[in-house]
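Fold and contact review
What follows is each chain in one-letter form.
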Amino acid sequence: MNTRFLKYSIAFIIPLVAYISIQASGWWTFATVLLVYVLLPLFEFLFAANQDNLIEAEEELVAQDPVYDYLLYLVVPVQFALLYYFVSVIGREGSTNVELIGRVLSMGITCGALGINVAHELGHRKSKFERFLAKALLLSSLYMHFNIEHNRGHHKNVSTHDDPSSARRGEWVFAFWVRSIVMGYRSAWRLEASRLQNQGQPVFSFQNEMLRFQTVQLVFVATIYAAFGWLSVLCFVVAALIGILQLETVNYIEHYGLSRSLKKSGQYERVQPWHSWNSNHTLGRLFLFELSRHSDHHYMASRKYQILRHHEASPQMPTGYPGMMLLSLVPPLWFKIMHEQIANIQRVEG
């Protein structure tokens, strides 16, 4: 019996610790922050990355094993159960401001690390059921338009100035947040309008997914207000924003300073493994369902998470995603380290 899939169950430690954080008191409400942004970066810094790939026969078996898909499906009820618990207890009496902040951060981290991340994986699948689950998970962070912009915009324009989600050399992460969020939202509207116009359908109709997404999100927020009140709504919106900022920070580190060449034909070169930063650090790979093997994901977007490969040509991050995300929040240090990495790549290419 194949039990290789069990290693990815480690990802469910995050919602478990988040649940403990939400129901706890005092500084224990920050347990999720401690796990994701202290312990995980520390362990990834101390232990070497694993560049091994599955052999061809193993890859074929693993790709066809539905258990890996079931793990992703399980995230949906877990995410919404945790969110329900969060909005139902966040406004309880006797909580201090510190405890409130700890609980909101815990929910927000789960929205990004579990909700949006798994939505990203499922959003690339072909089945309507899996894409529905992706949209449901994005609803839990009020970021449903990501499904349009990421699949139809980002993957086409990655590592070019046409892509809001590709960070430019010298760009501060805080400025990137604003540009990526605003321009990504606008891009999603344009992409959906273009799709409808090509099909001869009216843009301002309920055939427009962007209109449907905004309606669903407003109804979702209104339902939380009707059931639990303003404090729960406010805390949920802040938690969703934390999840969004985590996503955008991941976007920032994944393609920072990398660019595709423009050919004489006026078209950009095909996306290659060296147009995305990669991280083979094992814990981050497992906690994030292999998101950090990002080079292969862009090279072959249809490849499922459990069979993503390491490419020798892909530029490697010095450590795992959580550590690199923290590093990006200190721009002078980020620039110093990453510009040296880019210079090393250019010397090798030269």
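The structure displayed is predicted, hence computed values, not measured ones.

1. Notes on the UniProt feature "transmembrane region" (unreviewed entry) in the protein
When the UniProt feature table is mapped to this numbering, "transmembrane region" (unreviewed entry) covers residues 5–22, 28–49, 70–88, 100–120 and 218–245. The straight-line gap between the two end C-alpha atoms of residues 28–49 is 31 Å; of that span, 73% is helix and 0% is strand.

2. Re the packing of aromatic side chains
Working definition: an aromatic ring pair is given by the centre-to-centre distance plus the angle between the planes. For the coordinates displayed, the defined rule picks out 22 aromatic pairs. With a centroid separation of 5.8 Å and 75° between ring planes, the pair formed by Tyr84 and Phe228 is classed as edge-to-face. With Tyr84 in helix 4 (residues 67–89) and Phe228 in helix 9 (residues 209–228), the pair connects residues that are 144 residues apart, well separated along the chain. Within the aromatic cluster, the residues linked to one another by ring pairs are Phe5, Tyr8, Tyr68, Phe289 and Tyr305.

3. So, the pattern of salt bridges
Using the criterion set out here, one finds 15 salt bridges in the structure. Its salt-bridge partner being Arg195, residue Glu192 comes within 2.5 Å of it at the nearest N-O pair. Residue Glu192 and its partner Arg195 are both found in helix 8 (residues 173–198); the two are separated by three residues, about one turn of the helix. Salt-bridge contacts for Lys336 lead to Glu340; the nearest nitrogen and oxygen are separated by 3.3 Å. Of this pair, Lys336 and Glu340 both sit in helix 14 (residues 331–349), separated by four residues, roughly a single helical turn. By relative accessible area, which is 51% here, Lys336 ends up exposed.

4. Focus: empty space enclosed by the protein
Evaluated as defined, the whole model comprises five cavities of 30 Å³ or more. Along the wall of the largest cavity there are 23 residues; nearest its centre are Gly112, Asn117, Val250, Leu288 and Leu291. Elements that contribute at least two residues to the lining of the largest cavity include exactly helix 2 (31–46), helix 5 (97–123), helix 7 (146–157), helix 10 (230–255) and helix 13 (321–328). For the lining of the largest cavity, the leading source of residues is helix 10, giving six residues.

5. Some thoughts on helix 9
Note: α-helices contain 3.6 residues per turn, so residues at a spacing of three or four share the same orientation. Here helix 9 contains 20 residues, and its C-alpha end-to-end distance of 28 Å stays within 8% of the 28 Å for a straight helix at 1.5 Å per residue. Residues of helix 9 that are buried: Glu209, Met210, Phe213, Gln214, Gln217, Phe220 and Ile224. The arc that holds every buried residue of helix 9, seen down its axis, measures 140°, which confines them to one face. With respect to the buried face of helix 9, the exposed residues turned more than 90 degrees away are Leu218 and Ala226. If you check the start of helix 9, you find a side-chain oxygen 2.8 Å away from the backbone N of Met210, and it comes from Asn208. Immediately beyond the C-terminal end of helix 9, within one or two residues, lies Gly229, with a positive phi of roughly 95°.

6. Some points on the UniProt feature "domain: Fatty acid desaturase" (unreviewed entry) in the protein
As recorded in UniProt, the sites labelled "domain: Fatty acid desaturase" (unreviewed entry) are residues 105–324. For residues 105–324, the helix share is 60%, the strand share is 0%, and the end-to-end C-alpha distance is 19 Å.

7. Comments concerning the nonpolar core
Counting residues in hydrophobic clusters, the biggest one holds 53 residues, and the most contacted among them are Phe86, Met107 and Phe289. For this core, the secondary-structure elements that each account for two or more residues are helix 1 (13–23), helix 4, helix 5, helix 6 (128–139), helix 7, helix 9 and helix 10. By residue number, the principal contributor to this core is helix 4, which donates ten residues. Once you skip the residues sitting within four places of it in the chain, Phe289 turns out to touch Tyr8, Ala11, Leu71, Leu72, Val75, Leu114, Asn117, Val118 and Tyr305.

8. As for unusual backbone geometry
Its identity is not glycine, yet Phe289 carries a phi of approximately 50°, on the positive side. In this structure, Phe289 sits in the loop between helix 11 (282–287) and helix 12 (294–299). Looking at Phe289, the relative accessible area reads 4%, which means it is buried.

9. Considerations on the side chain of Ser328
Take Ser328: it is sitting in helix 13. Within the local environment of Ser328, its side chain forms a polar contact with the backbone oxygen of Met325, the two atoms lying 2.6 Å apart. With residues near it in sequence (within four places) discarded, Ser328 still touches Val173, Thr249, Tyr252, Ile253 and Trp334.

10. A word on the side chain of Ser180
With respect to the helices and strands, the residue Ser180 is situated in helix 8. With residues near it in sequence (within four places) discarded, Ser180 still touches Pro164, Ser165, Tyr185 and Glu248.

11. Looking at the packing of helix 4 against helix 5
In contact at an axis separation of 10 Å, helix 4 and helix 5 are set at 155° when each is read in the N-to-C sense. Classified by the interaxial angle, the pair formed by helix 4 and helix 5 is roughly antiparallel. Viewed along their axes, helix 4 and helix 5 form a crossing whose handedness is left-handed. Across from Leu72, Tyr73, Val75, Val78, Gln79, Leu82, Leu83 and Phe86 in helix 4, the residues of helix 5 making contact are Arg103, Val104, Met107, Thr110, Cys111, Leu114, Gly115, Val118, Glu121 and Leu122. Per-class residue counts for the contact of helix 4 with helix 5 are 13 nonpolar, three polar and two charged.

12. Some details on the environment of Gln272
For Gln272, the location among the structural elements is in the loop between helix 10 and helix 11. Gln272 gets classed as buried once you look at its relative accessible area, which sits at 18%. Expressed as a C-alpha distance, the spacing of Gln272 and Ser127, which sit 145 residues apart in the sequence, is 26 Å.

Conventions and cut-offs
Residues numbered from 1 in each chain as written. Predicted model: local features only at pLDDT ≥ 70, side-chain atom pairs only at ≥ 80, totals over all residues. Heavy atoms only, no water. UniProt positions renumbered as here; feature names shortened; annotations may be inferred. Helix = DSSP H or I, 4+ residues; strand = E, 2+ residues; numbered from the N terminus. Phe/Tyr/Trp six-rings, centres within 6.5 Å; stacked < 30°, edge-to-face > 60°. Salt bridge = Lys/Arg side-chain N within 4 Å of Asp/Glu carboxyl O. Buried < 20%, exposed > 50% of the residue type's maximum accessible area, 1.4 Å probe, protein only. 1 Å grid on protein atoms, 1.4 Å probe; cavity = no way out; pocket = protein on both sides within 12 Å on 5 of 7 lines; lining within 4 Å. Points joined across faces, edges and corners; volume = space filled by probe spheres on them. Expected span 1.5 Å × (residues − 1). Arc of directions from axis to C-beta. Polar contact = N/O pair within 3.5 Å; in protein donor to acceptor, adjacent residues only side chain to side chain. Core = buried A, V, L, I, M, F, W, Y, C linked by side-chain atoms within 4.5 Å. Contact = heavy atoms within 4.5 Å. Axes fitted to C-alpha atoms, helices over the stretch in contact; angles between N-to-C directions. Parallel < 35°, antiparallel > 145°, perpendicular 65-115°, else oblique. Left-handed = near helix turned anticlockwise from the far one by under 90°. Nonpolar A, V, L, I, M, F, W, Y, C, P; charged D, E, K, R; others polar.

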